[in-house]
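# Remarks on the overall topology
The chain contents come next:
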Amino acid sequence: MPAGDRHAIAPGLSITSATNDGAALGLLSGSGRIVGVAGAVILPALALLAWRRITARPAAAYGAIMLAAGALGNVSERLVRSSVTDYLDPLRWPPFNVADMLVIAGGALLLSAVAPSETDARASEGG
C-alpha cells in the first residue's frame, strides 16, 4: 500500500501506511535511533523481570512478556529501516501497529500487577 493511502475497514477504523520514526503512537517523533537503542537496553531487563516474577506474580510476567514482545517487534523493524510502519488508523487517534498494542497493554498489565493493592497495604500494617 503506498504511503498515505487509507482504506476504511469499519466505522472509525482504517488501514493505512504511515512511517513512524518515534516511539509508540508517534511520540518522540524523529528520535528513531534513540528509541531503538533504548528498546535494545530495556528488552533484556524486561526478560529478566518476567523470569523472576513468573511464579510470584504471573500477571506481572505476562505484562513484561507482552511489553517485551511489542518492543522486540518495533526494535527489529527499526534496526532494518530506522522506523516502523503503523497501519491501524482509528478516528481521532494516531496510527499504530500490533507491536504498539502489545507495548501499551503489556505496560498497563505490568503496572497493575506490581502496584500495591489494598490487601498489600493491610498486610503491611498488620491488619
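Residues numbered from 1 in each chain as written. Predicted model: local features only at pLDDT ≥ 70, side-chain atom pairs only at ≥ 80, totals over all residues. Heavy atoms only, no water.

All right, on to the sheet that holds strand E3 (residues 84-90) then. Taken together, the three strands give an open sheet; going across it, the order is E1-E2-E3, and neighbouring strands pair in antiparallel fashion. Bordering the open sheet on either side are strand E1 (6-10) and E3, each of which pairs with just one other strand. Direction aside, the axes of adjacent strands within the sheet are offset by 35° on average. Contacts from helix H2 (residues 58-81) reach strand E2 (13-20) and E3, with the element oriented near 125° to E3. (Pairing = 2+ DSSP bridges. Helix = DSSP H or I, 4+ residues; strand = E, 2+ residues; numbered from the N terminus. Axes fitted to C-alpha atoms, helices over the stretch in contact; angles between N-to-C directions. Contact = heavy atoms within 4.5 Å.)

Moving on, we come to the pattern of salt bridges. Tallied over the full model, the rule gives two salt bridges. For the salt bridge of Arg-6 with Asp-89, the shortest nitrogen-to-oxygen distance reads 2.5 Å. One end of the pair, Arg-6, is in strand E1; the other, Asp-89, is in strand E3, with 83 residues separating them in the sequence. Of the residues examined, Arg-6 reaches a relative accessible area of 56% and is grouped as exposed. By relative accessible area, Asp-89 is classed as buried at 8%. Between Arg-81 and Glu-77 there is a salt bridge, with the nearest N and O atoms lying 2.6 Å from each other. You can see Arg-81 and its partner Glu-77 sitting in helix H2, four residues apart, about one turn around the helix. By relative accessible area, which is 38% here, Arg-81 ends up partly exposed. Residue classification places Glu-77 among the partly exposed residues on the basis of a relative accessible area of 22%. (Salt bridge = Lys/Arg side-chain N within 4 Å of Asp/Glu carboxyl O. Buried < 20%, exposed > 50% of the residue type's maximum accessible area, 1.4 Å probe, protein only.)

What follows deals with the environment of Pro-95. On the secondary structure map, Pro-95 appears in the loop between E3 and helix H3 (98-114). Sequence separation of Pro-95 and Asn-20 is 75 residues, and the distance between their C-alpha atoms is 8.9 Å.

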